[in-house]
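If you want the building blocks of each chain, they are given just below.
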There are 2 protein chains.
Amino acid sequence: MAEKRIIGVDVGGTFMKFGLFKEDGTLLEKWQSPTDQTKPDVILQQIRQEVQKAMQTCGMSIEDTIGIGIGVPGSVDRQGIVISAPNLGWSMVNIQELAKDFFSVPVGIANDANAAALGEQFFGSGEGCDSMVFVTLGTGVGGGVVVNGRLINGAFGGAGEIGHMLMNEQETRVCTCGKCGCLEQYASARGIAKMAEKMLVSTNQKTLLRSYDVLTAKEVFDAIKAKDSFAMEIGEMFGSMLGRALSYVAAAVDPQMFVIGGGMSAAGEILLDYVEKYYRRYAFDPSKKTPFRLARLGNDAGIFGAARMIQMT
Amino acid sequence: MAEKRIIGVDVGGTFMKFGLFKEDGTLLEKWQSPTDQTKPDVILQQIRQEVQKAMQTCGMSIEDTIGIGIGVPGSVDRQGIVISAPNLGWSMVNIQELAKDFFSVPVGIANDANAAALGEQFFGSGEGCDSMVFVTLGTGVGGGVVVNGRLINGAFGGAGEIGHMLMNEQETRVCTCGKCGCLEQYASARGIAKMAEKMLVSTNQKTLLRSYDVLTAKEVFDAIKAKDSFAMEIGEMFGSMLGRALSYVAAAVDPQMFVIGGGMSAAGEILLDYVEKYYRRYAFDPSKKTPFRLARLGNDAGIFGAARMIQMT
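Note that the structure is predicted; figures quoted are calculated from it, not measured. (Residues numbered from 1 in each chain as written. Chains lettered and ligands numbered in written order. Predicted model: local features only at pLDDT ≥ 70, side-chain atom pairs only at ≥ 80, totals over all residues. Heavy atoms only, no water.)

Q: I keep staring at the environment of Leu88 of chain A and nothing clicks. Help me out?
A: All names here are of chain A. Checked against the element boundaries, Leu88 lands in the loop between β6 (82–85) and β7 (90–93). Assessed through its relative accessible area of 4%, Leu88 is described here as buried. Placed 14 residues apart in sequence, Leu88 and Gly74 show a C-alpha to C-alpha distance of 8.5 Å. What Leu88 contacts, discounting residues up to four positions off in sequence, is Val11, Gly12, Gly13, Thr38, Ile43, Val72 and Pro73. (Helix = DSSP H or I, 4+ residues; strand = E, 2+ residues; numbered from the N terminus. Buried < 20%, exposed > 50% of the residue type's maximum accessible area, 1.4 Å probe, protein only. Contact = heavy atoms within 4.5 Å.)

Q: How do you make sense of helix α7 (residues 229–253) of chain B when you look at a structure like this?
A: Within an α-helix, residues lying three or four positions from one another point in the same direction, as the helix has 3.6 residues per turn. All names here are of chain B. End to end, α7 covers 35 Å across 25 residues, agreeing with the expected 36 Å (1.5 Å per residue, within 8%). The buried count for α7 comes to 20 of 25 residues, which makes it a mostly enclosed element. Put simply, Asp228 is the residue that caps the front of α7, since its side-chain oxygen is 3.2 Å from the backbone nitrogen of Phe230. One or two residues past the end of α7 sits Asp254, with phi positive at roughly 45°. (Expected span 1.5 Å × (residues − 1). Polar contact = N/O pair within 3.5 Å; in protein donor to acceptor, adjacent residues only side chain to side chain.)

Q: What is the right way to look at the interface of chain B and chain A in this model?
A: You'll often see interface size given as the accessible area lost when the parts meet. On the side of chain A, 42 residues touch chain B, which itself brings 42 residues to the contact. For the chain B and chain A pair, buried surface summed over both sides reaches about 3300 Å², with 60% attributable to carbon and sulfur atoms. For chain B, the biggest contributors to the area lost against chain A are Phe156, Tyr248 and Phe284 of chain B; these three give 20% of the whole. Here chain B is connected to chain A by 2 salt bridges. Put simply, Arg244 of chain A and Glu169 of chain B hold a salt bridge, and the shortest N to O gap is 3.4 Å. Our count for the contact surface shared by chain B and chain A stands at 22 residue pairs in polar contact (both at pLDDT 80 or more). For the side of chain B that touches chain A, the leading source of residues is α7 of chain B, giving 7 residues. (Buried area = accessible area lost by both parts, 1.4 Å probe. Salt bridge = Lys/Arg side-chain N within 4 Å of Asp/Glu carboxyl O.)

Q: I tried to follow helix α8 (residues 269–282) of chain B on my own but got confused; where do I start?
A: Residues and elements named next belong to chain B. Taking 1.5 Å as the rise per residue, α8 with 14 residues should run 20 Å; its terminal C-alpha atoms sit 20 Å apart, in good agreement. Restricting attention to buried positions, one finds in α8 the residues Leu271, Leu272, Tyr274, Val275, Glu276, Tyr278, Tyr279 and Tyr282. Contacts made by the buried residues of α8 are with β9 (132–137), α6 (217–225), α7, β12 (258–261) and β13 (292–294).

Q: How should the pattern of salt bridges be read in this particular structure?
A: Two side chains carrying opposite charge are able to pair once their charged atoms lie near each other. Residue and element names in this part refer to chain B. All chains considered together, the criterion is met by 20 salt bridges over all chains. Notably, a salt bridge pairs Glu127 with Arg296, separated by 2.7 Å at the nearest N-O pair. Here Arg296 lies in the loop between β13 and α9 (301–312) and Glu127 lies in the loop between α3 (112–123) and β9, a separation of 169 residues in the sequence.

Q: Sorry, what's going on with the pairing of β7 of chain A here?
A: Residues and elements named next belong to chain A. Note: β6 against β7, 3 bridges, orientation antiparallel. Residue pairing across strands places Ala85 opposite Trp90, the latter belonging to β7. Taking the residues that link successive antiparallel strands as the turn, the β6-β7 hairpin has 4 residues, and the phi of Gly89 there is positive, at about 70°. (Pairing = 2+ DSSP bridges.)

Q: Even after reading the chapter, I still don't get the packing of helix α5 (residues 189–201) of chain A against helix α7 (residues 229–253) of chain A, so can you show me in this structure?
A: Relative placement of two packed helices is described by the angle separating their axes and the distance separating the axes. Residues and elements named next belong to chain A. The contact between α5 and α7 brings their axes to 10 Å, and the two run at 130°. Taken together, the axes of α5 and α7 lie oblique to each other. α5 and α7 meet at a crossing whose hand is right-handed. On α7, the residues that touch Ile192, Met195, Ala196, Met199 and Leu200 of α5 are Phe230, Glu233, Ile234, Met237 and Phe238. For the contact of α5 with α7, the per-class residue count stands at 9 nonpolar, no polar and 1 charged. (Axes fitted to C-alpha atoms, helices over the stretch in contact; angles between N-to-C directions. Parallel < 35°, antiparallel > 145°, perpendicular 65-115°, else oblique. Left-handed = near helix turned anticlockwise from the far one by under 90°. Nonpolar A, V, L, I, M, F, W, Y, C, P; charged D, E, K, R; others polar.)

Q: Where do I start with the relation of the copies chain B and chain A in this structure?
A: Between the two chain copies there is a screw-like relation: a rotation about an axis and a shift along it. Structural alignment of chain B on chain A gives an RMSD of 0.0 Å, achieved by rotating through 180° and translating 0.0 Å along the axis. The relationship between the two copies is best expressed as a two-fold rotation axis. Of the interface residues in chain B, 100% have counterparts in chain A that sit at the interface too, so the contact is made through matching surfaces. (Least-squares fit on C-alpha atoms with pLDDT ≥ 70 in both.)

Q: I tried to follow the sheet that holds strand β3 (residues 27–34) of chain B on my own but got confused; where do I start?
A: Paired through backbone hydrogen bonds, the strands of a sheet run either parallel or antiparallel to each other. Residues and elements named next belong to chain B. Judged by pairing direction, the sheet is mixed, and its 5 strands sit side by side in the order β3-β2-β1-β4-β8 without closing on themselves. Looking at the sheet topology across the chains shown, the edges are occupied by β3 and β8 (107–111). Going across the sheet, the axis of each strand differs from the next one's by a mean of 15°, ignoring polarity. Note that strand β1 (residues 5–11) and strand β4 (residues 65–72) share 6 bridges and pair parallel. Note that in β4 the partner of Gly8 across the bridge is Gly69. Lying on the sheet, α9 is in contact with β1, β2 (15–22), β3, β4 and β8; it crosses β1 at an angle near 135°.

Q: What am I meant to see in the packing of aromatic side chains here?
A: Note on aromatic pairs: each is described by the distance of the centres and the angle between the planes. Residues and elements named next belong to chain A. Inspection of the entire model under this criterion finds 19 aromatic pairs over all chains. A centroid spacing of 5.2 Å and a plane angle of 10° characterise the contact between Phe18 and Trp31, whose relative ring orientation is stacked. On the criterion of sequence distance, the pair formed by Phe18 in strand β2 (residues 15–22) and Trp31 in strand β3 (residues 27–34) is long-range, its members being 13 residues apart. With centroids separated by 5.2 Å and ring planes inclined at 50°, the aromatic side chains of Phe123 and Phe304 adopt a geometry described as tilted. Within this pair, whereas Phe123 is found in helix α3 (residues 112–123), its partner Phe304 is found in helix α9 (residues 301–312), the two being separated by 181 residues in sequence. The exposure class assigned to Phe304 is buried, which follows from its relative accessible area of 12%. Taken together, the ring pairs in this structure connect Phe21, Phe122, Phe123 and Phe304 into an aromatic cluster. The ring of Phe122 has Arg308 sitting right over it, with the charged end atom 3.4 Å from the ring centre. (Phe/Tyr/Trp six-rings, centres within 6.5 Å; stacked < 30°, edge-to-face > 60°. Lys NZ or Arg CZ within 6 Å of the ring centre and 35° of its normal.)

Q: Sorry, what's going on with the sheet that holds β6 of chain A here?
A: Strand order in this open sheet of 3 strands is β5-β6-β7 (chain A), and the pairing throughout is antiparallel. If you trace the sheet from one side to the other, it starts and ends with β5 (75–76) and β7 of chain A, each paired once.

Below is the structure:
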């Protein structure tokens, strides 16, 4: 029997990323394509065209794939229904049902951060672990939980949605979700920049951060590396919020490992230092020593995880 | 082939509870026996005697069981090692290895609250659910997490250990674990009594609770039912702490249902009202409507869950 292929897709509001994999999960080729329109059937149509083209290039057809795994930026319930994907304008979309008009091979679906978690667990920093919590620090804070080698999607698509854990009841700034004091407001790239801006106007303290017109998390972590004490205070705030939140996650699932990814993880080990310091202070005994690692697959985690979903079916 | 039996055991520091089950999980008989000595081999010996006696009574032998499931008050890691069980004085005990000298049938092991969770999920209030978070409110606060019909034990035996989530950094009273501000200090029977005592001396407010020499959670909930406003404040504090903690658990695993058990759950629906009020305020959208139910199996949850472990192997 001829060898088959697996397709992994990571659908974003701006770009779709594609990966062509061997059955064992070896990545053969990856590419991306702008998201023209976000209507579900238009996206499926575009995925079909992209996959067809890629398979033809290697003298194969879509039928030579075991299946197509798709990660989407939204909550996916246990039946595979996309309950809500605000960036795509989707609400209650049964993508697997729709996909039957476009593909004769199986289609898998998951939240994008959950797919990335599965990618890192099996092909990345979590290799060899059978349980792992993945945290993605970018514009927002997302996450994914893998237990016994399987992704937990959650009954209502909310598993791993750690960004909106309400961490500070005294907060007056409003989060994108409407609550005040969510983890995302302290631990995302945008959150860190906003914390820094707020603190800058409230003090005269000397800091490297005053020299920038526009502050991002990168400047804050660069200043931390330069031992800027103002920036280091922000680092402590970030670490205490994320460390405490992850101690709560450990109380629920007690993973073998935490893996931190997303754009902000480019800051490197210093970021883990802040999180681990507080995590170990807050965590209960059995989970106190859980190791933390930086993610390894970068932006490819999503397509790897989408492919892994298919491998597992 | 003759029908087989399953044995479920719930080991406590004072009593061991036993259940004799049919293969389909029907409870045929239950009994208990005082825990004479807590040394692992003495306990296994005692379990063998009890099981032998019960099986003989129905004209069968231990070999006519599919297996023996055991719940213990301690943390059990993913290899089935009891890492620590303070009430039994156990540390790093490989009970399954030891059990080979006592039983020729398979022996399953889990943390007692986790076993109870599995019992409630399959035979109790969670019947029909494939994911559930169980919370037990007694002297302490324990819990168990079931996902895809399977118990999450955790990599280091800490899954479902929600009692020591650090909920209040301003707390000065010290928890049994050495930290200050754990969930258990506000949501356990002992915690509620202590909160009430502390509040009683700090105010002159009129309350039914002043009429008792010794306060327990029962008096507090009775006073709440009598619309005692002082007691109702304690109810709010209890609800806000447990509701917020469970919103964090939902961010990790997003269960289909929360089930609240343990001695304190005898207070009834009023207890759920306080928890749900705050849970729904704190939880993120996908998990905001997760239903809450009272546990149904009472003190039998542990033996049912221990039997379920064997059913699943």
